[in-house]
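Residue-level structure breakdown
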There are 2 protein chains.
Amino acid sequence: MSVTARDVARVAGVSISTVSRALAKPDEVAPATRARVLDTARGMGYLPNPAARGLITGRTSTIGLIVPDLENPFFAAVTKGVQSRARAAGYCVIVADSDEDPSQEEDLARTMSKRVDGIVLCSPRAPDSVIAQLALECRLVLVNRACGDIPAVAINNLMGISQAMGHLLALGHRKIAYVGGPATSWSNTARLASLQVVAAEHPNLDLVDLGSFQPYVSGGIAAADLVIVSEATAVVAYNDLVAFGLLDRLRHRGFRVPDDISVVGIDNIPMSELTFPSLTSVGIPLVNCGRAGVDLLLGFVRDPSTPPTHHHDLSFRLVVRESTGPVRASPALHATA
Amino acid sequence: MSVTARDVARVAGVSISTVSRALAKPDEVAPATRARVLDTARGMGYLPNPAARGLITGRTSTIGLIVPDLENPFFAAVTKGVQSRARAAGYCVIVADSDEDPSQEEDLARTMSKRVDGIVLCSPRAPDSVIAQLALECRLVLVNRACGDIPAVAINNLMGISQAMGHLLALGHRKIAYVGGPATSWSNTARLASLQVVAAEHPNLDLVDLGSFQPYVSGGIAAADLVIVSEATAVVAYNDLVAFGLLDRLRHRGFRVPDDISVVGIDNIPMSELTFPSLTSVGIPLVNCGRAGVDLLLGFVRDPSTPPTHHHDLSFRLVVRESTGPVRASPALHATA
DNA sequence: TTGTATGCGTTATCAT
DNA sequence: ATGATAACGCATACAA
């Protein structure tokens, strides 16, 4: 079938173990023979069989990645970061999409656990108990989710949200609504908590929690009318997709953004500068989150004694665009809503 | 380390091969012992080691996927389709991102070739010679690219483009520009060719090829001014991202869409209905393309004698939105441009 | 029906 | 510095 170390050994006139050493431990073999082995190996197109190697070394040079939805720009960015970092470190990536179904996360992890050296679990929807159990069965690193002492890349939502709220407060907004994501979402909890921290620091700020919505455009569309009724002059959305839904529905309802209502998204996905009006959004260094996840994971793979450090020095930035503006002098519009 | 078939065998009081059979060939073992083995196996959390199994069977139950850019919505959709179909068939997916670099495609394919049963190569940028060589080294299925007799999922651009052109012609457009993608892109060649086929059928239609641009928003921004100068009343973009760039730049140049110029994208990515104006686009069933790629690949993996069938009965649909409208009676605007 | 023995391709251990 | 050999965990041909 394929060319093996045995073939190379025969052609090069050496033993099979010399072939193995010539590739893995170059300094344990004489320069002359090493050159000869390497040449014939390259000439024959020899590549070690990862399965055979993994069987004896116990390592696969492959890591796993589980995300809720590959088509979601948020996870696409993380995936890109994971893949690029893994490749740079000589690892392959097995990726799985749970389709936003918490119960699939467990199955997917178990299915791939034997094929990988560790798994990056991104924004898992499963309960803590399941995650903790999984961490016992395989090496695990969490991204955008905290759970016990499991190593994780935590997104510091407070930092970004503070920037966004500072921006809105400076524009004169005093009643701000939050359109939340899934109640089970760790990010949603963290974002809401961050908003409340900021609100606690500003007694004259009225924070209105409008509840949970689907984390897609449809969720924003569903929430828009509640925003209008709330009489808030600004709204922070769970993510950019939700913000797009708000933008769309608000326009169809005859509300102008930002003249009547300001809208802020979170994630700053590439599309956010292309909507009309373009979307003010809190940028999260997602690709770097993916990279950080791999770094954390490979730290354990290579040196299992590494303490479960939580990695979270990621830089945010608020990108102000057209969807936010100052509060109008007389917000009479709401009276008629 | 982990629980092996040996452990299960000892606990269940049978031989190691009975364990193997109980899981792989249920009817070659007595119902009683099978039940006992299966029970203890489940109780101990036994999962066969894929590396060991693959070493002897030669199959890995894993397929590879190589795309130019995971963050591009086009490829994200294909990836989603590949992953979902593979999982349904009991396969894992190793995914790699070539970062739009043709030379990386070759490396990535070779790196993963020994770990997978076959590779889905999506929209490769590499020359035919490289692809052909790769097809000799591993089982390959192409998506959105044709190359010799290599099995491929071809996107029938003509079908979708005909619909789009029919739409524009019906609106009265007679001078239509095309903002192309990379010259080396197979889709770009196919799309331009399709446009020319349609043009040949309509002698009174003036098709203007504006040349090649980056397949991103930046490309559309770069092309917008050329569109204006061309005096075309409608423009077809290589893809939706390019169309977004056109929309953005045209607006900043003071042109109204669709009043002054109609814009049509290709791909119909989710964001297209959220721009302003929303984008008329030719929808390509990308997720299905990914699925079809996997079907084609697994066909060969399971039965190598399958003839290299080209699979291309995918359904398109033109989604008409706000960015296209009838030609104005007196297109005076262009005179001043 | 079940157990025994061999081999997949590689790395690791030991001997030379 | 190099070669022979065992072992990794499993599937399979063959024996019982």
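**Description of the pattern of salt bridges**
Per the counting criterion, the structure on display carries 33 salt bridges over all chains. A:D225 is paired through a salt bridge with A:R249; the nearest N and O atoms lie 3.2 Å apart. With a gap of 24 residues between them, A:D225 in helix α10 (residues 217-230) and A:R249 in helix α11 (residues 240-252) connect regions that are remote in the sequence. By relative accessible area, which is 30% here, A:R249 ends up partly exposed. Here B:D128 ties to B:R145 by a salt bridge, and the two come within 2.7 Å at their closest N and O atoms. Pair noted here: B:D128 is in helix α7 (residues 128-137) and B:R145 is in the loop between β4 (140-143) and β5 (152-153), with a separation of 17 residues, a long-range link. Looking at B:D128, the relative accessible area reads 40%, which means it is partly exposed. In this structure, a network of salt bridges that share partners links the residues A:D69, A:D97, A:D99 and B:K80.

**Here's the deal with the relation of the copies chain B and chain A**
With an RMSD of 0.1 Å, chain B superimposes on chain A once it is rotated by 180° and translated 0.0 Å along the axis. Put plainly, the chains are arranged around a two-fold axis. Comparing interface residues between copies, 100% of those in chain B also lie at the interface in chain A; the contact surface is shared.

**Focus: the protein's contact with DNA strand D**
In the region of DNA strand D, 24 residues are neighbours, and A:T18, A:A30, B:A5, B:S20 and B:R53 sit closest. Of all DNA strand D atoms lying within 4 Å of any protein atom, the proportion belonging to sugar or phosphate reaches 60%. Here A:A30 contributes a backbone N or O atom positioned 2.6 Å from a phosphate oxygen of DNA strand D. In this structure, a phosphate oxygen belonging to DNA strand D sits 2.5 Å away from a main-chain N or O atom of B:A5. Put simply, the parts of the chain that give the surface near DNA strand D at least two residues each are α2 (16-24) and α4 (50-57) of chain A together with α2 (16-24) and α4 (50-57) of chain B. A per-element tally of the surface near DNA strand D places α4(B) first, with four residues. Of the residues assigned to the surface near DNA strand D, the class counts are ten nonpolar, nine polar and five charged.

**A look at the interface of chain B and chain A**
If you look at the interface, chain B gives 44 residues, while chain A gives 44 residues. Around 4200 Å² of area is buried between chain B and chain A when both sides are counted, 64% of it from carbon and sulfur atoms. In this assembly, chain B and chain A are joined by six salt bridges. Across the chain B-chain A interface, the total number found is 18 residue pairs in polar contact (both at pLDDT 80 or more). Considered class by class, the residues forming the side of chain B that touches chain A number 23 nonpolar, ten polar and eleven charged.

**Considering the environment of A:V29**
All names here are of chain A. Its place among the elements puts V29 in the loop between α2 and α3 (31-44). The spacing of V29 and T18 is eleven residues in sequence and 7.3 Å in space, taken between C-alpha atoms. Contact partners of V29, with chain neighbours within four places excluded, come to T18, A22 and R34.

**A short note on the environment of A:L226**
All names here are of chain A. Relative to the helices and strands, L226 is located in helix α10. Taking the C-alpha atoms as reference points, L226 and E273, separated by 47 residues in sequence, lie 25 Å from one another. When neighbours within four sequence positions are excluded, L226 is seen to be in contact with L210 and F213.

**What about the pairing of strand β7 (residues 206-212) of chain A?**
Sheet topology note: the strand β6 (residues 175-180) of chain A/β7(A) ladder contains five bridges and is parallel. Residue pairing in the sheet places A:I176 in a bridge with A:L207 of β7(A).

**A few points about helix α6 (residues 102-113) of chain A**
A rise of 1.5 Å per residue sets the reference length of α6(A), with its twelve residues, at 16 Å; its end C-alpha atoms lie 17 Å apart and thus fit the reference within 8%. Where α6(A) is concerned, the buried positions are A:E105, A:L108, A:A109, A:M112 and A:S113. Each buried residue of α6(A) sits inside an arc of 125° when the element is viewed along its axis, so together they form one side. Next to the buried residues of α6(A) lie β1 (62-67), β2 (92-97), β3 (119-122) and α7 (128-137) of chain A together with α5 (73-88) of chain B.

**Quick word on the pairing of strand β9 (residues 262-267) of chain B**
Residues and elements named next belong to chain B. For β9, the buried fraction is high: six of the six residues fall into the buried class. Bridge analysis of strand β8 (residues 234-237) against β9 gives three bridges, and the strand direction is parallel. Counterpart to V236 in the pairing with β9 is V264. Of the pairings in the sheet, the one linking β9 to strand β10 (residues 280-283) comprises four bridges and is parallel in character. Following the sheet pairing, I266 is matched in β10 by V282.

**Here we look at the protein's contact with DNA strand C**
As a structural note, the neighbourhood of DNA strand C is formed by 26 residues, with A:A5, A:S20, B:S17, B:T18 and B:A30 the closest of them. For DNA strand C, the backbone portion of the atoms within 4 Å of the protein, that is sugar and phosphate, comes to 64%. One of the side-chain nitrogen or oxygen atoms of A:Y46 is found 2.8 Å away from a phosphate oxygen of DNA strand C. Of all the secondary structure elements, the ones that give two or more residues to the surface near DNA strand C are α2 and α4 of chain A together with α2 and α4 of chain B.

**A closer look at the packing of aromatic side chains**
Residues and elements named next belong to chain A. Counted by the stated rule, this structure contains two aromatic pairs over all chains. With a centroid separation of 5.0 Å and an interplanar angle of 75°, the aromatic rings of F74 and F75 are classed as edge-to-face. The ring of Y238 is capped by R191, whose NZ or CZ atom sits 5.2 Å from the centre of that ring.

**A few points about the sheet that holds strand β7 (residues 206-212) of chain B**
Residues and elements named next belong to chain B. The six strands lie next to each other as β7-β6-β8-β9-β10-β11, forming an open sheet whose pairing is mixed. What marks the edges here is a single partner per strand, and that holds for β7 and β11 (317-319). Going from strand to strand, the sheet's axes swing by 20° on average, the running direction of each strand aside. Judged from the three bridges that link them, β10 and β11 form a sheet pairing that is antiparallel. Bridge pairing in β11 links S281 to V319.

Conventions used here
Residues numbered from 1 in each chain as written. Chains lettered and ligands numbered in written order. Predicted model: local features only at pLDDT ≥ 70, side-chain atom pairs only at ≥ 80, totals over all residues. Heavy atoms only, no water. Salt bridge = Lys/Arg side-chain N within 4 Å of Asp/Glu carboxyl O. Helix = DSSP H or I, 4+ residues; strand = E, 2+ residues; numbered from the N terminus. Buried < 20%, exposed > 50% of the residue type's maximum accessible area, 1.4 Å probe, protein only. Least-squares fit on C-alpha atoms with pLDDT ≥ 70 in both. Contact = heavy atoms within 4.5 Å. Near = heavy atom within 4 Å. Polar contact = N/O pair within 3.5 Å; in protein donor to acceptor, adjacent residues only side chain to side chain. Nonpolar A, V, L, I, M, F, W, Y, C, P; charged D, E, K, R; others polar. Buried area = accessible area lost by both parts, 1.4 Å probe. Pairing = 2+ DSSP bridges. Expected span 1.5 Å × (residues − 1). Arc of directions from axis to C-beta. Phe/Tyr/Trp six-rings, centres within 6.5 Å; stacked < 30°, edge-to-face > 60°. Lys NZ or Arg CZ within 6 Å of the ring centre and 35° of its normal. Axes fitted to C-alpha atoms, helices over the stretch in contact; angles between N-to-C directions.

None of the figures reported here should be taken as evidence of function without further support.
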